[in-house]
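Understanding the architecture of this molecule
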Amino acid sequence: MAYIRSILAMLFVVTLAVLSAAPTHAGALQDLIDAAPDGADIVPPAGTYTEQLVITRPVVIDGRNGVVIDGGGKGTIITLDTDGVTLKNLTIRNSGRLHNKIDAGLRVNSNFNVIRDVTIENTLFGIDLDQADNNVFRRVHISSKDMSMGLRGDSMRIYYSHNNVVEDSLIEEARDVVIWYSQNNTFRRNTIRNSRYGIHFMYAHGNTVENNEISDCVVGVFLMYANNATVRENKILRAWGASGVGIGFKESSGALIERNDIIGNATGIYLDPSPWDPDLDNDFNDNVIAYNGMGIEFHTDWTGNYFRRNAMLSNFTQVSVRGRGTALREGWEGNYWDDYAGFDKDQDAMGDVPYEIYNYADRLWMEVPSASFFRGGLALAALDFVERLAPFSEPRLLVREQVPMMDKGVVAEAVEAPENDRPKTALEMLQ
């Protein structure tokens, strides 16, 4: 009998050990966090923790053993309500579905936090920052719920939050990265794809977007009432469809747009009265603007935009201006136009005669938008041929660059580089 009791006691001890190592139950991780001192390194046992966490003390949570925090389809999964938290090596999944409550994978209401090597999946909103400054997000993979694009939440929602860094991350199958009333945030080396707005700034000044690849979104980068932005060395690809824009402006000033590849979009660059501040010019330097439906489109006749050393290659229409305006008041200097028909007799790499775009009959759709349906068709092609041969009226000069460049140079090398960097065919874009 004593032998049997000892065997039962051993089985009881083994059972306790197995239970302690098994995936934990709801509330266990919150208890572990609440019991830890400030600055503690918490390395939870492997498993799925079905709970919503509120972190109110500066701790490090490291899920390197294989930790999943599952919201169970309810509310926001993790909320940071204190400064100095580090979350790493975690999977966060299954938030609630309520837009009015902004159900998110991670909500940050504090400063100086580090979020790295974290996957956020099947969440309505990915990361929600509200009055949260000086946070770092590195190697974060964010995707939304499987629903139509307009009903997904934003992958990142940054509100009144400054000096944050988002880098080396993958953001896909969500709605927008949206930044409101926030300054001096940096987005670098990220991949953003298959979303609505790649990055959308509203009333947000002094932000930087550099070395990202933004592809197959409706809009790549949009600046709305957002001044002094820097958009540098990005690949902005295949923003297609009726609203497709690579880089768009709405009453935004002081932007520096340089060394970007803006390729295969419906409209490469779109400017709606920008710059709005007459003392802040927008500068577009050394960009490749190629294979777009429209290379550059102005909403109206405007001034204060300067285009220098850009390569304009194989755009269906190089420049358009809505209504009856022109782009003559904009600055054009040292750009390469692949449809330039001039010569370089003195071999100084500069055209001997100005580059000019005239508004012939084939630009009828600029004044009558519904006529754009026939762009490229036989009717407008015939009108264009007759108009250029014997104009019914004097064609209107749309663009004039006094000294265009003859050699596209190194600025255009990207469009001749790797096959997987080239734009899709028109048929592929429609699929």
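Scroll up a little and you will see the structure.
Read on for a plain summary of the structure. What you see is a predicted model, and the numbers here were worked out from it, not measured in a lab.

1. Quick notes on the packing of aromatic side chains
Applying the stated criterion across every chain, the model contains 17 aromatic pairs. Here Phe-187 and Phe-201 contribute two aromatic rings whose centre-to-centre distance is 6.2 Å and whose plane-to-plane angle is 75°, an arrangement assigned as edge-to-face. Of this pair, Phe-187 sits in strand E15 (residues 186-188) while Phe-201 sits in strand E17 (residues 197-202); the two residues are 14 residues apart in sequence, bridging distant segments of the chain. Residues Phe-187 and Phe-201 agree in their burial class; the two are buried. The interplanar angle of 25° and the centroid separation of 4.9 Å between the aromatic rings of Tyr-203 and Tyr-225 together place this pair among those described as stacked. Here Tyr-225 lies in the loop between strand E20 (219-224) and strand E21 (230-232) and Tyr-203 lies in the loop between E17 and strand E18 (208-210), a separation of 22 residues in the sequence. Through pairs of rings, three or more aromatic residues link up here, namely Phe-249, Phe-284, Phe-298, Phe-307, Trp-332, Trp-337, Tyr-340 and Tyr-355. A cation over an aromatic ring shows up here: Arg-157 above the ring of Tyr-159, its NZ or CZ 5.9 Å from the ring centre.

2. Some thoughts on the sheet that holds strand E5 (residues 78-80)
Pairing is parallel in the open sheet, where 12 strands are placed in the order E3-E5-E7-E9-E11-E14-E17-E20-E23-E26-E29-E32. Edge positions in the sheet fall to strand E3 (53-55) and strand E32 (317-321), since each has one partner strand and no second. Sheet twist, expressed as the mean angle between neighbouring strand axes with direction ignored, is 10°. Two strands pair when backbone bridges link them, and strand E14 (residues 176-180) and E17 are joined in this way by 4 bridges, in the parallel orientation. Within E17, the residue paired with Trp-180 across the bridge is Met-202.

3. Digging into the environment of Ile-115
Along the chain, Ile-115 falls in strand E8 (residues 114-121). You can call Ile-115 buried: its relative accessible area is 1%. Discounting chain neighbours no more than four positions away, the residues touching Ile-115 are Leu-80, Leu-87, Leu-106, Val-136, Phe-137, Arg-138 and Val-140.

4. A short note on helix H2 (residues 28-35)
Along H2, the residues that are buried comprise Ala-28, Leu-29, Gln-30 and Ile-33. Each element contacted by the buried residues of H2 is listed here: strand E1 (41-42), strand E2 (47-50), E3 and strand E4 (60-70).

5. Quick look at the side chain of Ser-274
Here Ser-274 shows up in the loop between strand E26 (267-272) and strand E27 (282-285). Only 2.9 Å separates the side chain of Ser-274 from the backbone nitrogen of Glu-251, close enough to count as a polar contact. The residues touching Ser-274, leaving out its near neighbours within four places in the chain, are Phe-249, Lys-250, Glu-251, Ser-252, Asn-282, Trp-302, Thr-303 and Asn-305.

6. Concerning the nonpolar core
One finds Ile-78, Leu-87, Leu-106, Phe-137, Met-156, Phe-201 and Ile-296 to be the most contacted residues of the largest nonpolar core, which totals 73 residues. Contacts of Ile-78, omitting those with residues within four sequence positions, involve Leu-53, Ile-55, Ile-69, Leu-87, Ile-92, Gly-105, Leu-106 and Arg-107.

7. Structural notes on the pattern of salt bridges
Per the stated rule, a full pass over the model turns up 30 salt bridges. Put simply, Asp-117 and Arg-139 hold a salt bridge, and the shortest N to O gap is 2.7 Å. You can see Asp-117 sitting in strand E8 and its partner Arg-139 sitting in strand E10 (residues 136-143), a full 22 residues away along the chain. In this structure Arg-139 comes out as partly exposed when scored by relative accessible area, which is 38%. Measuring nitrogen to oxygen at the nearest pair gives 3.4 Å for the salt bridge that ties Lys-250 to Asp-272. Placement of the pair is Lys-250 in strand E23 (residues 245-250) and Asp-272 in strand E26, with a sequence separation of 22 residues. Taking relative accessible area as the criterion, Asp-272 reaches 12% and is therefore assigned buried. Several salt bridges share partner residues, and in doing so they unite Arg-138, Glu-167, Asp-168, Arg-188, Arg-189, Glu-210, Arg-232, Glu-233, Glu-258 and Arg-259 into one network.

8. Some thoughts on the pairing of E26
Remark: a regular strand shows side chains that alternate across the two faces of the sheet. Of all 6 residues in E26, 6 are buried, a share of seventy percent or more. One ladder, built from 5 bridges, connects E23 with E26; its direction is parallel. Looking at the pairing, Phe-249 lines up with Leu-271 of E26. Alignment of E26 against strand E29 (residues 294-298), held across 4 bridges, turns out to be parallel. The partner of Ile-269 across the bridge, within E29, is Ile-296.

Basis of the calculations
- Note on numbering: residues in each chain are counted from 1, in written sequence order.
- Selection of residues for local features in this predicted model requires a pLDDT of at least 70, selection of side-chain atom pairs for listing and counting requires 80 or more, and totals for whole chains, interfaces and linings are taken over all residues.
- Water and hydrogen atoms were dropped before computing side-chain values, which therefore reflect all heavy atoms in the structure.
- Between the rings of Phe, Tyr and Trp (Trp by its six-membered ring), a pair exists once the centres lie within 6.5 Å; its type follows the angle of the planes, with under 30 degrees stacked, over 60 edge-to-face, and the other angles tilted.
- Per the convention used, a helix needs a DSSP run of H or I reaching at least four residues, while a strand needs a run of E reaching at least two, with both numbered from the N terminus.
- Exposure is judged per residue with a 1.4 Å probe applied to protein chains only, and the accessible area is read against the type maximum: over 50% gives exposed, under 20% gives buried, and values in between give partly exposed.
- Charges are assigned to positions over rings by a cutoff of 6 Å between ring centre and Lys NZ or Arg CZ, combined with an angular limit of 35 degrees from the ring normal.
- Two strands qualify as a pair provided DSSP detects at least 2 bridges between them.
- Fitted lines through C-alpha atoms serve as axes, helices being fitted only where they are in contact, and the angles separating the N-to-C directions of these axes extend from 0 to 180 degrees.
- We call two residues contacting when some pair of their heavy atoms lies within 4.5 Å.
- Two N or O atoms form a polar contact when they lie within 3.5 Å of each other; inside protein one atom must be a possible hydrogen donor and the other a possible acceptor, and for residues adjacent in sequence the pair counts only when both atoms belong to side chains.
- Residues grouped as a nonpolar core are buried Ala, Val, Leu, Ile, Met, Phe, Trp, Tyr and Cys residues, joined through side-chain atoms within 4.5 Å.
- By convention in these notes, a salt bridge is any Lys or Arg side-chain nitrogen within 4 Å of a carboxyl oxygen on Asp or Glu.

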